[in-house]
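# Structural description and commentary
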Amino acid sequence: MNTQYSTNEEFTSVDINEFFDPNEQSPQSIDTGIVVFTEPQRLLIKTIRQSLSESNEKQLEPFNKRVEDLKKLASAIAAFPSLLERANLTGGTRTPTSLIDSLINSNREGDTTLQLPSKATLGKGFLVAKLHTFSSLEKLCREENLDQKLISAVHDETISMMFLLLSEDVYLNLIRDTSLSMNERRQLAISLLLLWEHRADQNIADISPVLQSVWKARTRLAPAFGTMMGTSELIMISFQLDEQWSVFIKTKLGDPGVNQAMEEFLFGISYEQITKLKNILREKGIAAIGRDEVSAFLGADVKTNVSEDYRDFFQQYSLRRDNARARKRLNLPGPHKTLEDYFISFVMEKNREKQENDTVAQEKNQEEAVVTA
């Protein structure tokens, strides 16, 4: 991709404790507020505006209005109390620490929308509006026959926003996962608070291109249902994608939960449907069937072929997420997490290990410097 349209976002990972004191704090020392547009996004908007002024001025007015509407929406949400500061609310005082504790200790099941801070809920609406805006911009760029690299950059930004929307669910799932250490869950809660506050996340900005590549590979596979041959195909492709994904596959696919989540991701049907289909084919002595035959064998209309449309991805993810939550709640067999849960947790775990190793190495170097001084 031309660097002019690069969509790599630069954020600095921070620990909330670095800028928050639960007793005394200076609001001026905390960077709060939604990131309306990142620098790459601002460049894209500027480029599109210049192109429209030369080719189709009639589109400029609605284009500019949509951009300004997003800014106004972000400004309105910014008026709500920051999640990174102590806030005196009508129901009492809220601090980031108390909010993190409530997230970790919550044992509520089902939709928790009404238990979340207003800024978190409103910010999610902002992100959806922004996602729709960039999706419309991509369509506009195609209609105007603008530079293909520009179109690709807008498309990548749209996909990245979809993964940012997805990551909020993943963080909430993992924060409530008692199999993770308390330190891991607190770090996830910190990441979620920063995501809610800024609607930007460097972890997800790094991960989304990987998941996008895996999704593209998945849409192009024609897995053989029954033998599950598509799994090995995806594994082979995985080694050509990203180092993190390749390491994840090598080290985690032996975990039954990861393996089952991978099958759901790859075949586009639930663990229960996969199990039923395997049994039917085994009983009938059929080695494998194609995607177009799945519905007939299951006796239900099942959609197994999906496009590269980000809405298809999110819909498939939400189905797998809801099924995983239901199995966990009812203690049923099958994956209790999605593949995205497992992968994002894996990446964050590796990042923590690297940070800890870097810290140890830095401390060792400092000690050696003192000894040799």
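Please read all numbers here as calculations on a predicted model, not as lab measurements. (Residues numbered from 1 in each chain as written. Predicted model: local features only at pLDDT ≥ 70, side-chain atom pairs only at ≥ 80, totals over all residues. Heavy atoms only, no water.)

So, on to the overall build of the protein. The helix and strand tally for the protein stands at 14 helices and two strands. When the 373 residues of the protein are sorted by exposure, 47% land in the buried category. Considering only contacts in the protein between residues 6 or more positions apart, those separated by 24 or more positions represent 73%. Per element, the accessible surface of the protein, about 19,200 Å² overall, is 49% carbon and sulfur. (Helix = DSSP H or I, 4+ residues; strand = E, 2+ residues; numbered from the N terminus. Buried < 20%, exposed > 50% of the residue type's maximum accessible area, 1.4 Å probe, protein only. Contact = heavy atoms within 4.5 Å. Areas by Shrake-Rupley, 256 points an atom, 1.4 Å probe, with all protein chains shown as cover.)

Moving on to unusual backbone geometry. Of note in this structure, Arg199 is not a glycine but carries a positive phi near 55 degrees. Along the chain, Arg199 turns up in the loop between helix 6 (182-198) and helix 7 (202-220). Taking the relative accessible area as the measure of exposure, Arg199 reaches 3% and is therefore buried. We note that Asn331 has phi near 55 degrees; this positive angle belongs to a residue other than glycine. For Asn331, a relative accessible area of 64% puts it in the exposed group.

In this model, the protein carries an average pLDDT of 85, and 86% of its residues clear a pLDDT of 70 or more. Segment residues 6-30 is flagged for pLDDT under 50; beyond a separation of four residues in sequence, or across chains, it makes 47 contacts in the model. (pLDDT = per-residue confidence, 0-100.)

To continue, consider the packing of helix 2 (residues 60-78) against helix 4 (residues 118-143). It is the contact of helix 2 with helix 4, at a shortest axis distance of 10 Å, that shows an interaxial angle of 170 degrees. On the basis of the axis angle, helix 2 is roughly antiparallel to helix 4. The segment helix 2 lies against helix 4, with Phe63, Arg66, Leu70, Leu73, Ala74, Ile77 and Ala78 engaging Lys119, Leu122, Gly123, Phe126, Ala129, Lys130, His132, Thr133, Ser136 and Leu137. Counted by class, the contact of helix 2 with helix 4 contains ten nonpolar, four polar and three charged residues. (Axes fitted to C-alpha atoms, helices over the stretch in contact; angles between N-to-C directions. Parallel < 35°, antiparallel > 145°, perpendicular 65-115°, else oblique. Nonpolar A, V, L, I, M, F, W, Y, C, P; charged D, E, K, R; others polar.)

A word on the packing of helix 5 (residues 148-175) against helix 13 (residues 310-330). The geometry of helix 5 relative to helix 13 is characterised by a closest axis approach of 10 Å and an angle of 5 degrees between their N-to-C directions. If you check the angle between helix 5 and helix 13, you find them roughly parallel. Each of Thr158, Ile159, Met162, Phe163, Leu165, Leu166, Asp169, Val170 and Asn173 in helix 5 lies in contact with helix 13, whose residues at this interface are Tyr310, Phe313, Phe314, Tyr317, Arg321 and Arg325. A class-by-class count of the residues in the contact of helix 5 with helix 13 yields ten nonpolar, two polar and three charged.

Another aspect to go through is the pattern of salt bridges. Across all of its chains, the model carries 18 salt bridges by this definition. Residue Asp69 is joined to Lys65 by a salt bridge in which the shortest nitrogen-to-oxygen separation is 3.0 Å. With Asp69 and Lys65 both in helix 2 and four residues apart, this pair spans about one turn of that helix. Overall, the relative accessible area of 31% leaves Asp69 in the partly exposed class. By sharing partners, the salt bridges in this structure join Asp169, Arg321 and Asp322 into a single network. (Salt bridge = Lys/Arg side-chain N within 4 Å of Asp/Glu carboxyl O.)

For the rest of this paragraph, the subject is helix 3 (residues 96-105). Residues lying three or four places apart along an α-helix face the same way, a consequence of the helix completing one turn every 3.6 residues. Restricting attention to buried positions, one finds in helix 3 the residues Pro96, Leu99, Ile100, Leu103 and Ile104. For helix 3, the buried positions fall inside an angular range of 130 degrees around the axis, keeping them on one side. The secondary structure elements touched by the buried residues of helix 3 are strand 2 (92-94), helix 5 and helix 6. (Arc of directions from axis to C-beta.)

With that settled, consider the environment of Val247. Inspection of the secondary structure puts Val247 in helix 9 (residues 243-252). Each C-alpha atom of the pair Val247 and Phe346 lies 9.7 Å from the other, and the pair is 99 residues apart in sequence.

In this section: the nonpolar core. In terms of nonpolar packing, the biggest core is built from 79 residues, with Trp196, Trp245 and Phe248 touching the most fellow members. Ranked by the residues each element gives to this core, the list is headed by helix 5, at 16 residues. (Core = buried A, V, L, I, M, F, W, Y, C linked by side-chain atoms within 4.5 Å.)

Turning next to helix 5. With 28 residues, helix 5 should reach 40 Å at 1.5 Å per residue; the first-to-last C-alpha distance of 40 Å fits that figure. By the criterion of burial, helix 5 is predominantly enclosed, with 24 of the 28 residues buried. For helix 5, the N-terminal capping position is held by Asp147, with its side-chain oxygen 3.1 Å away from the main-chain nitrogen of Lys149. (Expected span 1.5 Å × (residues − 1). Polar contact = N/O pair within 3.5 Å; in protein donor to acceptor, adjacent residues only side chain to side chain.)

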